[in-house]
Amino acid sequence: MDDHKIVQRNIALQREWYGEPLGDRVRRLVVAFDVSQAYLAEVLGISAPMLSQVMSGRRAKIGNPVVLARLIMLERKVLTPEVAAGSKEALRAALEDVKASRPTVNRDNFPVGSGSDEAAALAALRDVAEDESLLEAADRLDADFPAIADLLRRAGKAQ
């Protein structure tokens, strides 16, 4: 397979796995935080050449889940009022916070977030199950999956 076809296939896989090409997501962060691609790679915990390969489609995925978690953390920080306003101090603090973070990815992490993401998840759960079923499922999962159980309980409470 020639290089062009490999890149096109990888970009299509990125759309499927990440919702859009990673190059688009990373470029938005470079602009939003007014940093170089090399510095952003350092913040994410990935080598600059590896980030470049992912952005260009020469690689399809970010293999390290911690790097992906940091990318998502930065995307969420862009939405905070101070960062969105371009405050240099807020930008620097957000980058340093993410760089110093040690996110974990395990079975209790359910990446719902807050605000509209969480509301959509709760609404989707309510659409597929009765309140009593959600509460019963939460009780069953509580010992092994407390974060998921908590989400089910919140969805099972009548609005």
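Our structure is the block above this text.
Conventions we followed
- Residues numbered from 1 in each chain as written.
- Predicted model: local features only at pLDDT ≥ 70, side-chain atom pairs only at ≥ 80, totals over all residues.
- Heavy atoms only, no water.
- Helix = DSSP H or I, 4+ residues; strand = E, 2+ residues; numbered from the N terminus.
- Buried < 20%, exposed > 50% of the residue type's maximum accessible area, 1.4 Å probe, protein only.
- Contact = heavy atoms within 4.5 Å.
- Areas by Shrake-Rupley, 256 points an atom, 1.4 Å probe, with all protein chains shown as cover.
- Axes fitted to C-alpha atoms, helices over the stretch in contact; angles between N-to-C directions.
- Parallel < 35°, antiparallel > 145°, perpendicular 65-115°, else oblique.
- Left-handed = near helix turned anticlockwise from the far one by under 90°.
- Nonpolar A, V, L, I, M, F, W, Y, C, P; charged D, E, K, R; others polar.
- Core = buried A, V, L, I, M, F, W, Y, C linked by side-chain atoms within 4.5 Å.
- Expected span 1.5 Å × (residues − 1).
- Polar contact = N/O pair within 3.5 Å; in protein donor to acceptor, adjacent residues only side chain to side chain.
- Salt bridge = Lys/Arg side-chain N within 4 Å of Asp/Glu carboxyl O.

Draft legend 1. Layout of the overall build of the protein. Helix and strand counts for the protein come out as 10 helices and 0 strands. Counted from the first residue to the last, the protein has its helices and strands arranged as α-α-α-α-α-α-α-α-α-α. The buried share among the 159 residues of the protein stands at 30%. Considering only contacts in the protein between residues 6 or more positions apart, those separated by 24 or more positions represent 64%. Summing over all exposed atoms, the protein offers an accessible surface of approximately 9600 Å²; the carbon and sulfur share of this is 54%.

Draft legend 2. Broad picture of the packing of helix α9 (residues 131–141) against helix α10 (residues 146–156). Look at α9 against α10: their axes get within 8 Å of each other, and the N-to-C directions meet at 160°. Comparing the axis directions of α9 and α10 gives the class roughly antiparallel. As for how α9 packs across α10, the hand of that crossing is left-handed. On α10, the residues that touch D131, L134, L135, A137, A138, D139 and L141 of α9 are P146, I148, A149, L152, R153, A155 and G156. Looking at the contact of α9 with α10, its residues break down into 10 nonpolar, 1 polar and 3 charged.

Draft legend 3. Spotlight on unusual backbone geometry. Of note in the backbone geometry, D34 takes a positive phi value of approximately 50° without being a glycine. With respect to the helices and strands, the residue D34 is situated in the loop between α2 (22–33) and α3 (37–44). Relative accessible area serves as the criterion here: at 55%, D34 is assigned to the exposed category.

Draft legend 4. Region of interest: the environment of S133. Positionally, S133 belongs in helix α9. Each C-alpha atom, one on S133 and one on R153, is 9.9 Å from the other, the two residues being 20 residues apart in sequence.

Draft legend 5. Molecular detail of the nonpolar core. Grouped together as the largest cluster of nonpolar side chains are 25 residues, with contacts concentrated most on F33, L40, L44 and L74. Where this core is concerned, the elements lending two or more residues are α2, α3, α4 (48–56), α5 (65–77) and α7 (88–100). For L74, the residues in contact, after removing those within four places along its chain, are L29, F33, L40, V43, L44, A94, L95 and V98. Formed by 7 residues, the second largest nonpolar core is a distinct cluster that contains A138, L151, L152 and A155.

Draft legend 6. Layout of α5. Taking 1.5 Å as the rise per residue, α5 with 13 residues should run 18 Å; its terminal C-alpha atoms sit 18 Å apart, in good agreement. Looking only at α5, the buried set comprises V67, A69, R70, L71 and L74. Here the buried face of α5 lies against α2, α3 and α7. Where α5 begins, the capping side chain belongs to N64, and its oxygen is found 2.8 Å from the backbone nitrogen of V66.

Draft legend 7. View of the environment of L151. Following the sequence through the fold, L151 ends up in helix α10. Residues L151 and L135, spaced 16 residues apart in sequence, show a C-alpha to C-alpha distance of 9.8 Å.

Draft legend 8. Quick look at the side chain of N10. Its place among the elements puts N10 in helix α1 (residues 3–18). Within the local environment of N10, its side chain forms a polar contact with the backbone oxygen of G57, the two atoms lying 2.8 Å apart. Here N10 is in contact with G57, R58, R59 and A60, once residues within four sequence places are set aside.

Draft legend 9. Up close: the pattern of salt bridges. One pass over the full model with this rule turns up 11 salt bridges. One salt bridge in this structure joins R28 and E20, with 2.5 Å as the shortest N-O distance. In this structure, R92 engages E89 in a salt bridge whose closest nitrogen and oxygen atoms are separated by 2.6 Å. Of this pair, R92 and E89 both sit in helix α7, separated by 3 residues, roughly a single helical turn. Residues participating in the shared-partner salt-bridge network are D139, D142 and R153.

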